[in-house]
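Secondary and tertiary structure notes
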Amino acid sequence: MNEWKLIVCCTQNDAIQLLRRLQSCGIRGNVTRPPRNQSKRSCSWAVQIAERDSKRAEDCLRKGSIHWEWME
């Protein structure tokens, strides 16, 4: 079982904004680049969070205007 989940977004700026929103909800994370061989977009960025926080993160980010998706 994977301990981490990646939330993928288009730009580094979007990833930083997502991370700040997550932190305001009490969720820790890191801005990172997703693996290139699995990335849908080669220029994408991601926020790495603990898998146990994924439901809370989804609830926290649902209200935002930045497009994001889970990395499968």
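Residues numbered from 1 in each chain as written. Predicted model: local features only at pLDDT ≥ 70, side-chain atom pairs only at ≥ 80, totals over all residues. Heavy atoms only, no water.

Another aspect to go through is the side chain of Ser-54. Considering the arrangement of structural elements, one finds Ser-54 in helix H2 (residues 54-61). Under the relative-accessibility criterion, Ser-54 is labelled buried at 16%. A polar contact of 2.9 Å, which involves the side chain of Ser-54, links it to the backbone oxygen of Glu-51. Once residues within four sequence positions are removed from consideration, Ser-54 is found in contact with Lys-5, Ile-49 and Trp-70. (Helix = DSSP H or I, 4+ residues; strand = E, 2+ residues; numbered from the N terminus. Buried < 20%, exposed > 50% of the residue type's maximum accessible area, 1.4 Å probe, protein only. Polar contact = N/O pair within 3.5 Å; in protein donor to acceptor, adjacent residues only side chain to side chain. Contact = heavy atoms within 4.5 Å.)

All right, on to H2 then. Among all positions in H2, only Ser-54, Ala-57, Cys-60 and Leu-61 are buried. All buried residues of H2 project into a common sector of 120 degrees when viewed along the axis, lining one side. The secondary structure elements touched by the buried residues of H2 are strand S1 (4-9), helix H1 (12-24), strand S3 (45-50) and strand S4 (68-70). (Arc of directions from axis to C-beta.)

Time to look at the pattern of salt bridges. Under the criterion given, the structure shown has 4 salt bridges. Where Arg-56 meets Asp-53, a salt bridge forms, and the shortest distance between an N and an O atom there is 3.5 Å. Relative accessible area serves as the criterion here: at 42%, Arg-56 is assigned to the partly exposed category. Here Asp-59 ties to Lys-55 by a salt bridge, and the two come within 3.2 Å at their closest N and O atoms. Here the residue Asp-59 and the residue Lys-55 both occupy positions in helix H2, the gap between them amounting to 4 residues, near one helical turn. Looking at Asp-59, the relative accessible area reads 33%, which means it is partly exposed. Here Lys-55 falls in the exposed class, since its relative accessible area comes to 52%. One network of salt bridges, in which partners are shared, links Lys-55, Glu-58, Asp-59 and Arg-62. (Salt bridge = Lys/Arg side-chain N within 4 Å of Asp/Glu carboxyl O.)

Limitation: the analysis is restricted to geometry and does not speak to function.
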